[in-house]
Amino acid sequence: SGGYYIYAAKHIEVQADGKIIIVGDENNGSKNLSRLFSDGSTDKSFLPPNYNFGNIAIQSDGKYVVTHNSNPISATEFSKISRLNIDGSVDTSFSSAQLSGLYGGFVLSKKILIQNDGKIVIGGLFTGCNSTSSRDLVRLNTNGLVDTSLQIGSGFAGLLTNDFHWVNDIIQQMDGKLIVSGCFMMFNQVNRENIIRLNSDGSDDNSFVDLYSFLNFNSIDSISLFNDQKILASGSLDYNNKKQGNY
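Residues numbered from 1 in each chain as written. Predicted model: local features only at pLDDT ≥ 70, side-chain atom pairs only at ≥ 80, totals over all residues. Heavy atoms only, no water.

Take the confidence of the model for the protein next. Here the protein averages 87 in pLDDT, and 85% of its residues register 70 or above. A low-confidence stretch, residues 1–6 (pLDDT under 50), is modelled with 19 contacts involving residues beyond four sequence positions or located in other chains. (pLDDT = per-residue confidence, 0-100. Contact = heavy atoms within 4.5 Å.)

As C-alpha cells, this is what we get:
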C-alpha cells in the first residue's frame with residue numbers, strides 16, 4: 001500500500017529495533033524500498049526517494065548505505081552509492097559515489113559491508129569508483145569519499161582478458177581482515193580462485209590457502225563466520241568437476 005509494490009524481495013535486513021527493511025524487484029516505476037514494523041505493517045514514516053535500489057546495509061547509527069540508480073524504471077544497474085537518513089531522506093553529508101563499468105559500462109553492485117570502524121566496502125563488477133581505479137572492490141570513508149588506503153593493485157580478474165569476474169560477498173574478521181568471495185581466478189595478477197583473505201590495507205594475506213587445492217568452485221556466492229572464526233562458504237560447482245569428492 002501507499003505506492004509500494006514489491007513483487008519479490010531480493011534483500012531483507014532486520015534492524016536493531018525489530019523493524020524490517022526490504023529491497024524488492026521493481027516494476028513500472030513503483031518504489032522498491034520499504035520499511036515494515038515487526039508485525040508486518042508498513043512504516044509510512046519511511047519515505048525514500050523514488051530511485052531503483054539494489055542493495056542496502058544498516059550503519060550502527062541507523063542510517064542506510066544503499067546502491068541504486070536514479071531512474072525508477074531501469075533495473076539494469078545500481079552504480080550509485082548514497083546514504084539515507086533514518087526517515088529515508090538522502091543524507092547530504094555523505095558524498096554520493098559513482099561506480100564505473102566495463103563491457104560497455106555495465107556495473108554490478110553485489111555487496112555492501114559496513115566495517116567495524118564505519119568504513120564502507122563495496123563489492124561487485126566494476127572498474128573503479130569516481131576517478132579511482134579499483135576493480136570489483138572499493139572502500140569508502142564514512143563521508144563517502146574513496147579510501148585510498150585500500151590498495152588492491154590490479155584487483156580481481158579472470159584467466160583471460162575478456163572473462164567475466166566479480167565479487168559476491170565480503171565479511172570482516174575480528175582482526176580487521178577481509179574475506180572476499182565471488183567468481184574470479186586472479187587477484188592482483190596472482191592466482192586466487194573465488195575466495196581470498198585481504199589484510200586491512202588491501203594486500204593479499206598469503207597465509208590463507210588458495211581454495212583450488214581443496215575444491216574447484218565455479219563461484220562462491222555467500223560466506224559467513226562462526227564464533228571461532230571458521231568460514232562457511234556456499235556456491236556452485238561445475239557439473240564435470242572432478243574434485244567433487246572433496247565436497
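What follows covers the nonpolar core. Among the nonpolar cores identified, the biggest contains 15 residues, and I81, L99, I120, I122, C129, V138 and L140 are the most heavily contacted of them. Listed by contribution, the elements that provide at least two residues to this core are β7 (97–100), β9 (120–125) and β12 (137–140). Other than its neighbours up to four places away in sequence, C129 contacts A97, Q98, L99, S100, V138, L140 and V146. Formed by 14 residues, the second largest nonpolar core is a distinct cluster that contains L113, V121, V167 and I170. (Core = buried A, V, L, I, M, F, W, Y, C linked by side-chain atoms within 4.5 Å. Buried < 20%, exposed > 50% of the residue type's maximum accessible area, 1.4 Å probe, protein only. Helix = DSSP H or I, 4+ residues; strand = E, 2+ residues; numbered from the N terminus.)

Below, the discussion takes up unusual backbone geometry. Note on backbone geometry: most residues besides glycine have negative phi, and most peptide bonds are trans. The backbone of Q189 sits at a positive phi, close to 70°, despite the residue not being glycine. Unlike most non-glycine residues, N194 shows phi in positive territory, near 70°. Following the sequence through the fold, N194 ends up in the loop between β17 (190–191) and β18 (195–198). A relative accessible area of 1% means that N194 is categorised as buried.

A word on the packing of aromatic side chains. Inspection of the entire model under this criterion finds four aromatic pairs. Pairing F156 with F187 gives two aromatic rings, centres 5.0 Å apart and planes at 55°, and the pair type is tilted. Here the residue F156 occupies a position in strand β13 (residues 156–157), and F187 occupies one in strand β16 (residues 186–187), the gap between them amounting to 31 residues. A relative accessible area of 0% means that F156 is categorised as buried. You can call F187 buried: its relative accessible area is 1%. Members of the aromatic cluster, each reached through a chain of ring pairs, are F156, F184 and F187. (Phe/Tyr/Trp six-rings, centres within 6.5 Å; stacked < 30°, edge-to-face > 60°.)

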